[in-house]
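Listed below, chain by chain, are the residues.
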Number of protein chains: 4
Amino acid sequence: MNEAARTLPNFRSDNVAPISPEILQAIAEANRGPAASYGDDDCSKLLNRRFSTLFETEVTVFPVATGTAANALSLAACARPYGAIYCHEEAHIHTAEGGATEAFTGGAKLLTLPGRHFRIEPAILREALARTAWGVRNRSQPDAVSITQASEFGTIYSLADIAEISAIARDKNLSVHMDGARFANALARLGCSPADMTWRAGVDILSFGATKNGAMSSDAIVVFDQDLVEPLSYRLRRAGQTWSKMRYASAQLLAYVEDGLYLRLAAKANAVAAHLGAGLAALPDVRLDAPVEANLVFINLPALAITRLAASGLQFARRGQEVIRFVARFDSTEQEADEVIALVERAITTT
Amino acid sequence: MNEAARTLPNFRSDNVAPISPEILQAIAEANRGPAASYGDDDCSKLLNRRFSTLFETEVTVFPVATGTAANALSLAACARPYGAIYCHEEAHIHTAEGGATEAFTGGAKLLTLPGRHFRIEPAILREALARTAWGVRNRSQPDAVSITQASEFGTIYSLADIAEISAIARDKNLSVHMDGARFANALARLGCSPADMTWRAGVDILSFGATKNGAMSSDAIVVFDQDLVEPLSYRLRRAGQTWSKMRYASAQLLAYVEDGLYLRLAAKANAVAAHLGAGLAALPDVRLDAPVEANLVFINLPALAITRLAASGLQFARRGQEVIRFVARFDSTEQEADEVIALVERAITTT
Amino acid sequence: MNEAARTLPNFRSDNVAPISPEILQAIAEANRGPAASYGDDDCSKLLNRRFSTLFETEVTVFPVATGTAANALSLAACARPYGAIYCHEEAHIHTAEGGATEAFTGGAKLLTLPGRHFRIEPAILREALARTAWGVRNRSQPDAVSITQASEFGTIYSLADIAEISAIARDKNLSVHMDGARFANALARLGCSPADMTWRAGVDILSFGATKNGAMSSDAIVVFDQDLVEPLSYRLRRAGQTWSKMRYASAQLLAYVEDGLYLRLAAKANAVAAHLGAGLAALPDVRLDAPVEANLVFINLPALAITRLAASGLQFARRGQEVIRFVARFDSTEQEADEVIALVERAITTT
Amino acid sequence: MNEAARTLPNFRSDNVAPISPEILQAIAEANRGPAASYGDDDCSKLLNRRFSTLFETEVTVFPVATGTAANALSLAACARPYGAIYCHEEAHIHTAEGGATEAFTGGAKLLTLPGRHFRIEPAILREALARTAWGVRNRSQPDAVSITQASEFGTIYSLADIAEISAIARDKNLSVHMDGARFANALARLGCSPADMTWRAGVDILSFGATKNGAMSSDAIVVFDQDLVEPLSYRLRRAGQTWSKMRYASAQLLAYVEDGLYLRLAAKANAVAAHLGAGLAALPDVRLDAPVEANLVFINLPALAITRLAASGLQFARRGQEVIRFVARFDSTEQEADEVIALVERAITTT
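In this text the structure is predicted, and so the values were computed from the model without any measurement.

Criteria and cut-off values
Residues numbered from 1 in each chain as written. Chains lettered and ligands numbered in written order. Predicted model: local features only at pLDDT ≥ 70, side-chain atom pairs only at ≥ 80, totals over all residues. Heavy atoms only, no water. Pairing = 2+ DSSP bridges. Helix = DSSP H or I, 4+ residues; strand = E, 2+ residues; numbered from the N terminus. Contact = heavy atoms within 4.5 Å. Axes fitted to C-alpha atoms, helices over the stretch in contact; angles between N-to-C directions. Phe/Tyr/Trp six-rings, centres within 6.5 Å; stacked < 30°, edge-to-face > 60°. Lys NZ or Arg CZ within 6 Å of the ring centre and 35° of its normal. Buried area = accessible area lost by both parts, 1.4 Å probe. Polar contact = N/O pair within 3.5 Å; in protein donor to acceptor, adjacent residues only side chain to side chain. Buried < 20%, exposed > 50% of the residue type's maximum accessible area, 1.4 Å probe, protein only. Least-squares fit on C-alpha atoms with pLDDT ≥ 70 in both.

So, about the sheet that holds strand 10 (residues 317–320) of chain C. Across a sheet, paired strands are connected by hydrogen bonds in the backbone, their directions being either parallel or antiparallel. Residues and elements named next belong to chain C. With respect to topology, 4 strands assemble into an open sheet ordered 8-9-11-10, the strand pairing being antiparallel. The sheet terminates laterally at strand 8 (287–288) and strand 10, the two strands that pair on one side only. Taken strand by strand, helix 14 (residues 303–311) contacts strand 10 and strand 11 (323–327), and its axis lies near 40 degrees from that of strand 11.

Next up, the structure:
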């Protein structure tokens, strides 16, 4: 990375974000003398209570090191080894977790569904289930549906969509998992309650993302279906996903939701993305690939312009021959977005 | 926990330790704006270099969330699914990791060996290997030996022991894994170099513990045998053990070894344990179960005295009918040790 | 099943076939007093030699109980747990083996490819490999390609196709597996040598089907790539796929290939299928779904005619709303085929 | 093997046995034209009914290719991946199945118990369970006990022993598995009913051995606990243990139990073993290692005599420096036993 690159805005991923100051502060405050390990400390004990209030129902929260762990272990709690899990063909669990779900389930199958804007469409799921050979011993038996909210394309399921997908799943005794790596971004966009977007719409288990939105090193699994809690707790331990010094993960998660911090951070990222999307869409030769509903902006751009843009030192992610992605974070600014717009404009016009 | 308990010393485990101030400071310093994810940041890039210097050979370092992950994934890199791993019958990987090694290896077998003071004895390993049915298809084939330094009993392998065990293993093409959950405590005791206690003595892969000795949330795998690096890197990712915001784990590990911090912290814990052990051994009706060579003190005590001691609010771990364990930490003090000695004395004499 | 059904021809599957008399005879002949177990008997020792002659190269043969075992264990020998296997989206390993490949590989991923007539098309494979993120840790890494010869649709890969697919695979260090559940049917059709259709065209490991074509209870894995032999032999044993009384499986396989029996049996099945296909194609309202190249006949038929046909008691397999499958066997006859044609004609015209 | 060896008696294993004529005949009789596959044929449908009569309760029978498959898949139906299974330290599932149980359970742990004559002793099991850390997340949780009847040492559990072990297990919600590789030999010895030796004594699932005692290629799982049936049926299919041409396995099993054939065959083997054991015990320098209760005879013999005996061409199995094993089969004869006794006598006296 040359010097110029350092000073240009970084819109490559929300993974490049720092820790939000409130969360770092909470870690420091948790650091007072010895405390019980493996979740018996005061911070961790508070966690279930605080999240149960937040979600307006009794939940169990398991901090984990990564979103991959959250997803794969959640699904391992839902699916039998000879089971199957429906997901979108572009779902992170299928394309970008190195087979973690296959590994932790003991070889369950991911059955992928097409769908506009990286969202499962209820009709397509219904049809897939109708074609299923239930009870046939040489066919993997569907056990769960996994949806990503916000999706990998930055799009959002409406509450009605989630409820419909859940109802279809429930009708066939399938569990519903939500990959909420960008849960806060979706929630901030929809303006509904955490309960509305999850268990009230039929979700059984949630990968609750925090790392991309200001936490340091902890995501979490939030379990609504209490039958999943015990098996999951063993699976987490043997997966090496149960921190002995749990208080530091718990402190992060508590601070993350305290006074709605997570929503404020996400709203900021969403706003910058919206600003960026609008500015880019107004440029000639630029086309938005998907509506900007969370903190991701996908655009189509001539390949030559992409090359030129990359050469400028701007940090973004390439997603195809003529497709690039920008990701806004809680610490991104409108000025940075404007800078990106200017750079893209220059890359196009110079071409 | 009642109020009294809060103020009494806590010698239950080194897992109850806080973060050492230097490491917390390093996390805060790493928190400057955006940085590349998944190990491409400056901190993480430095990690391999810094540890290679420390170990006086080229090593690859993988930060992981827990010691269980470090052990099980290290062994998964060494053992085939139809393989087997020798370990002491009291090894943590066998007794206290919920079958993590069996899970991550795809079902390899742990073959347990007896041995004094929780240490594998070279002669016993040699004999076990001599009895092995090599190449016989219905027998799990030995692939690795795992030793724990310091052991779960607070005892230490001498360099000669490690070298002898490694030589026996090497002779049969077995990999040598060291569970170094208390690596620093052992190293501080032996006063040798990290290189001497590992690869120079034949160790191929090391679970490098940091959490028990002052880190917040990161242990590491240190790989000496470079053939293990690539497969391990994939296994870690699909295990959900690769942090996106890797810089915070790397910063912890860098600070941990900076200017020998890890040794100073461990030496402190060892010294308090030695003081405690000596004081307890001098009491009537108390017997040390094992020599105090690291930061663990195991004593035999009448059951009634144990009950009385627990009632006092003192935090320790019960390890049998008449056996209890005290663990000293970097933040433990001699005064606390003296307090424990006094409490034990009272528990005995009142009995 | 009513009485009428018993006397009507059975074209449901080649799995309904009896044992061919020659093979039953061979079992009886192998039944002379005690014999060494686990492959050390004379019959089994002959097996590798006989198949090496047949395939004109050194091969290792492992008898297994089922085609599912042959496929999944062959692929487990080729693919790492974090690996991936390309196959056609309608491949038996993906649609009809209950996740066996995912189970035995430890969670490798099946990456499905579209392709006309259930065959992988070289261009599509090439493009998929070109899009692959090699070395990227969160992507399952391609390790193998699996092709089915004859395909589940009764179609055949030409030698040129196999060679081209193998070359594409080899170029990326992928292994090539052939699911030869109907190996003999394909070979009889192509009229080439076993060597030509396998290793000379780049195949590394073969599921050699025998059960559908006259054996009693044994398929086999034929290994061309000798590096796969040792790991596979352990995997088979722990999968419970290594018979102690191996001689009876070996005797079946020896008889199966003796004097070209397998080809005569397959040629018979192919001929009946060809006759049936031609007769059905000549009917109004009937359309062949795929060219009849082996022993399978897929036709399109109005749904009402299918219902009527099923009511007649004729045994066939339904494969869609308006699609049915007939399978001819070594013991099927042209008269039976004529009977089927007449029944289909009646089902259509009565409609 | 030289010519002399061929003509000397073979007491190496019961795996060297041929097919009993009645069973071979049954295979031939099942070979009449096409028949439904995967257990829908008339023979297979009869199997559950016939075995339910035999066991005097409703059972489900699954034919499998090997005893290893029977054991490992039975246990996979009983144990969670994070579970544990108690077995004797010399149990076949631990020492001689290549880790099959670890593989099929997804990494459950075998917890081995000592015990005289290769039998689990109720008191030892009770104590092990009393020491268990129930509900502790880093400890593998006991799910099953597996006993071997007859044991690998040729000894027999009394009905009272089985009932006591089962009661201890049941009290902790553990399933009880019986490895009945030599089920018939034990049953013939005890002279009780199959029901008495299994479910009436608390057994939930049984590996029903047939191959060692006259079948060609089929053992079976007999399930008493009907909750295990559905999950097991899927696991078997994806393990490649469900034959398409199931009728031939079913026919073997039906013939095996028809008119008590299995008991007659086993009684014959037991009688020859008893004769052999008595004859050998009467020799100087020979000591029986275990009471001869089934068809196995273990003796202690000077190492030099063993070497000499092996040189004679006699087929037996070496089990230690000074221990050898003889196995009698349904087709063994008293004359052969006498021949063995003479050869052993000569080997000793010449020494």
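Attention shifts here to the packing of aromatic side chains. On inspection of all chains with the given rule, the structure shows 58 aromatic pairs over all chains. One aromatic cluster in this structure is built from Phe 51, Phe 55, Phe 183, Phe 208, Phe 224, Tyr 256 and Tyr 262 of chain A. Above the plane of the ring of Tyr 38 of chain D lies Arg 237 of chain D, whose end atom (NZ or CZ) is 3.8 Å from the centre.

With that settled, consider the interface of chain B and chain A. Counting residues at the interface gives 47 residues for chain B, matched by 47 residues for chain A. Buried area between chain B and chain A, both sides added, is near 3,600 Å², and the carbon and sulfur share of it is 55%. When the buried surface of chain B facing chain A is broken down by residue, Met 216, Arg 238 and Lys 245 of chain B rank first, second and third, together holding 19% of it. Linking chain B with chain A are 34 residue pairs in polar contact (both at pLDDT 80 or more), by the criterion used here.

Another aspect to go through is the environment of Asp 285 of chain D. All names here are of chain D. By the secondary structure assignment, Asp 285 is in the loop between helix 13 (261–281) and strand 8 (287–288). Taking the relative accessible area as the measure of exposure, Asp 285 reaches 56% and is therefore exposed. With 245 residues separating them in the primary sequence, Asp 285 and Asp 40 have C-alpha atoms 57 Å apart.

Turning to the relation of the copies chain B and chain A, a few remarks are in order. Mapping chain B onto chain A leaves a residual RMSD of 0.0 Å; the transformation is a rotation of 180 degrees accompanied by 0.0 Å of translation along its axis. Here the two chains are linked by the operation of a two-fold rotation axis. Proximity to the rotation axis, assessed at the C-alpha, singles out Ala 65 of chain B in chain B; its C-alpha lies 3.2 Å from the axis. A high fraction, 100%, of the interface residues of chain B reappear at the interface in chain A, so the copies pair face to face through one surface.

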